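What follows is the residue order along each chain.
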Amino acid sequence: MSRRAAPDRDRRRRARRLLVGVLRAERAGLVRGVAAGLGWQAAAALAPLVLARAIDDGLTGRDPGALALWVGVLLALGGVQAGTSALRHRHAISTSARTAHALRARLLARVHVLDAASLDRIPTGELLARATSDVTRVEVLVDAVAHTVGYLGTVLVAGIALAVLDPVLALIVFAVLLVMAGVVALAVPGARARAGALQAAIGRASQAAEETVTGFAVLKGLGGEPAAAGRVAAASAEVRRRGIRASRYDASLAAVLAVLPVAALALVPGC
């Protein structure tokens, strides 16, 4: 193991412990958001079945009573979807906001206990990046928890139903999911490396901007504005390059994951 790999792995382990601890403190909001997400997914899954019954019993069967019944059920499901969607977003947003607040508070508390020598070794731009872009990423992650669990629940129920109705098609779908999981697993190291490089570039750009702003009077007196502007421009250009590189990688992965299910349709009998 290289000397660099061990510290990186240790940092990731500490980051995971920190994230787990913060999420554990917000578990009540997460549970409520997940419950609302599952309710929304259940209503969304039932709606097509109810619509089919309304068409078969009410329109095709020419039964006004049945049509009115199933239309009423469909409207009720729409109300459930609206209510659970509102609750899901409310809990997701409030939980992610509280998580971001807790992380920033912990960062500030950590900075307060550091001595002057330790603070001198940490660039101000890196601290700003930790408190802004890093925390924002965690916010996005927490906000997506309820949605993701709901989608996974839907996939699980649909997979069970599909296995009962058509085992061959279920095997094909399962195989495609395994391939997609493998693609994601292979892509994670590259995505992590690009995200880390982008984060480092953001830290350097923040540091350059902070030094230019705080030392503006000195720069003005010495005529150093062009050099400072050049440093900020170079750092900003590096952020742009790193961001485009990371976005292209993510876009390529998303394209592959979108193509795989469509390509799998060719394996389905009768398609």
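Keep in mind that this is a model prediction, so the values were computed, not measured. (Residues numbered from 1 in each chain as written. Predicted model: local features only at pLDDT ≥ 70, side-chain atom pairs only at ≥ 80, totals over all residues. Heavy atoms only, no water.)

Our next topic: the overall build of the chain. Summing up its helical and strand segments, the chain has 8 helices and 0 strands in all. What you see in the chain, going N to C, is helices and strands ordered as α-α-α-α-α-α-α-α. Within the chain, buried positions represent 24% of all 271 residues. Of the contacts formed within the chain by residues at least 6 apart in sequence, a portion of 80% connects residues at least 24 apart. Accessible surface for the chain amounts to roughly 17,300 Å². Of this, 70% is attributable to carbon and sulfur atoms. (Helix = DSSP H or I, 4+ residues; strand = E, 2+ residues; numbered from the N terminus. Buried < 20%, exposed > 50% of the residue type's maximum accessible area, 1.4 Å probe, protein only. Contact = heavy atoms within 4.5 Å. Areas by Shrake-Rupley, 256 points an atom, 1.4 Å probe, with all protein chains shown as cover.)

This part covers the confidence of the model for the chain. Here the chain averages 80 in pLDDT, while 88% of its residues score no lower than 70. Mean pLDDT in the chain bottoms out at helix α7 (residues 216-222), which sits at 66, and peaks at helix α3 (residues 64-113), which reaches 86. (pLDDT = per-residue confidence, 0-100.)

As a further point, take the environment of Ala 229. By secondary structure assignment, the location of Ala 229 is in helix α8 (residues 225-264). A residue is classified by how much of its surface remains accessible, and Ala 229, at 45% relative accessible area, is partly exposed. In sequence terms Ala 229 and Thr 212 are 17 residues apart; their C-alpha atoms lie 7.9 Å from each other.

A contiguous patch of positive charge, built from Arg 9, Arg 12, Arg 16, Arg 17 and Arg 192, is present on the exposed surface. When residues in the positive patch are grouped by element, the largest group, 4 residues, is from helix α1 (residues 5-25). With respect to the secondary-structure elements, Arg 17 resides in helix α1. (Patch = residues over 30% accessible without salt bridge, like charges linked within 9 Å, V, L, I, M, F, W, Y side chains within 5 Å. Salt bridge = Lys/Arg side-chain N within 4 Å of Asp/Glu carboxyl O. Lys, Arg positive; Asp, Glu negative; His and termini not counted. Charge placed at Lys NZ, Arg CZ, Asp CG, Glu CD.)

Empty space within the second largest pocket amounts to approximately 310 Å³. Every residue lining the second largest pocket is counted, 14 residues in all, and those nearest its centre are Ala 45, Leu 46, Thr 154, Val 157 and Ala 158. Of all the secondary-structure elements, those providing two or more residues to the lining of the second largest pocket are α2 (27-60) and α5 (124-165). Along the lines of polarity and charge, the residues of the lining of the second largest pocket split into 10 nonpolar, 4 polar and no charged. (1 Å grid on protein atoms, 1.4 Å probe; cavity = no way out; pocket = protein on both sides within 12 Å on 5 of 7 lines; lining within 4 Å. Points joined across faces, edges and corners; volume = space filled by probe spheres on them. Nonpolar A, V, L, I, M, F, W, Y, C, P; charged D, E, K, R; others polar.)

With that settled, consider a nonpolar patch on the surface. A contiguous nonpolar surface patch, about 470 Å² in accessible area, is contributed by Leu 156, Ile 160, Val 164 and Leu 165. Considering the arrangement of structural elements, one finds Leu 156 in helix α5.

Looking at the secondary structure, you find Arg 27 in helix α2. Here Arg 24 takes part through its backbone oxygen, which lies 2.6 Å from a polar atom of the side chain of Arg 27. (Polar contact = N/O pair within 3.5 Å; in protein donor to acceptor, adjacent residues only side chain to side chain.)

This next bit is on the packing of α2 against α3. With their axes 7 Å apart at the nearest point, α2 and α3 run at an angle of 160° to one another. Classed by the angle they form, the pair α2 and α3 counts as roughly antiparallel. Note on packing geometry: the crossing formed by α2 with α3 is left-handed. Taken together, the residues of the contact of α2 with α3 break down into 19 nonpolar, 10 polar and 5 charged. (Axes fitted to C-alpha atoms, helices over the stretch in contact; angles between N-to-C directions. Parallel < 35°, antiparallel > 145°, perpendicular 65-115°, else oblique. Left-handed = near helix turned anticlockwise from the far one by under 90°.)

For the structure shown, the criterion picks out 0 aromatic pairs. The residue whose ring lies beneath Arg 88 is Trp 40, and the NZ or CZ to ring-centre distance is 4.8 Å. (Phe/Tyr/Trp six-rings, centres within 6.5 Å; stacked < 30°, edge-to-face > 60°. Lys NZ or Arg CZ within 6 Å of the ring centre and 35° of its normal.)

The subject of this paragraph is α2. An ideal rise of 1.5 Å per residue puts 50 Å on 34 residues; α2 measures up with 48 Å between its terminal C-alpha atoms. Within α2, the axis deviates most sharply at Ala 47, by approximately 25°, and proline Pro 48 lies no more than four positions further along. The complete set of buried residues in α2 reads Gly 29, Leu 30, Gly 33, Val 34, Ala 36, Gly 37, Gln 41, Ala 43, Ala 47, Val 50, Ala 54 and Gly 58. Immediately beyond the C-terminal end of α2, within one or two residues, lies Arg 62, with a positive phi of roughly 50°. (Expected span 1.5 Å × (residues − 1). Bend = angle between axes of the 7 residues up to and from the residue.)

What follows is about the environment of Ala 263. Residue position: Ala 263 is located in helix α8. Take Ala 263: its relative accessible area is 47%, and that puts it in the partly exposed class. When the C-alpha atoms of Ala 263 and Val 176 are compared, they prove to be 9.4 Å apart, with 87 residues separating the residues in sequence.

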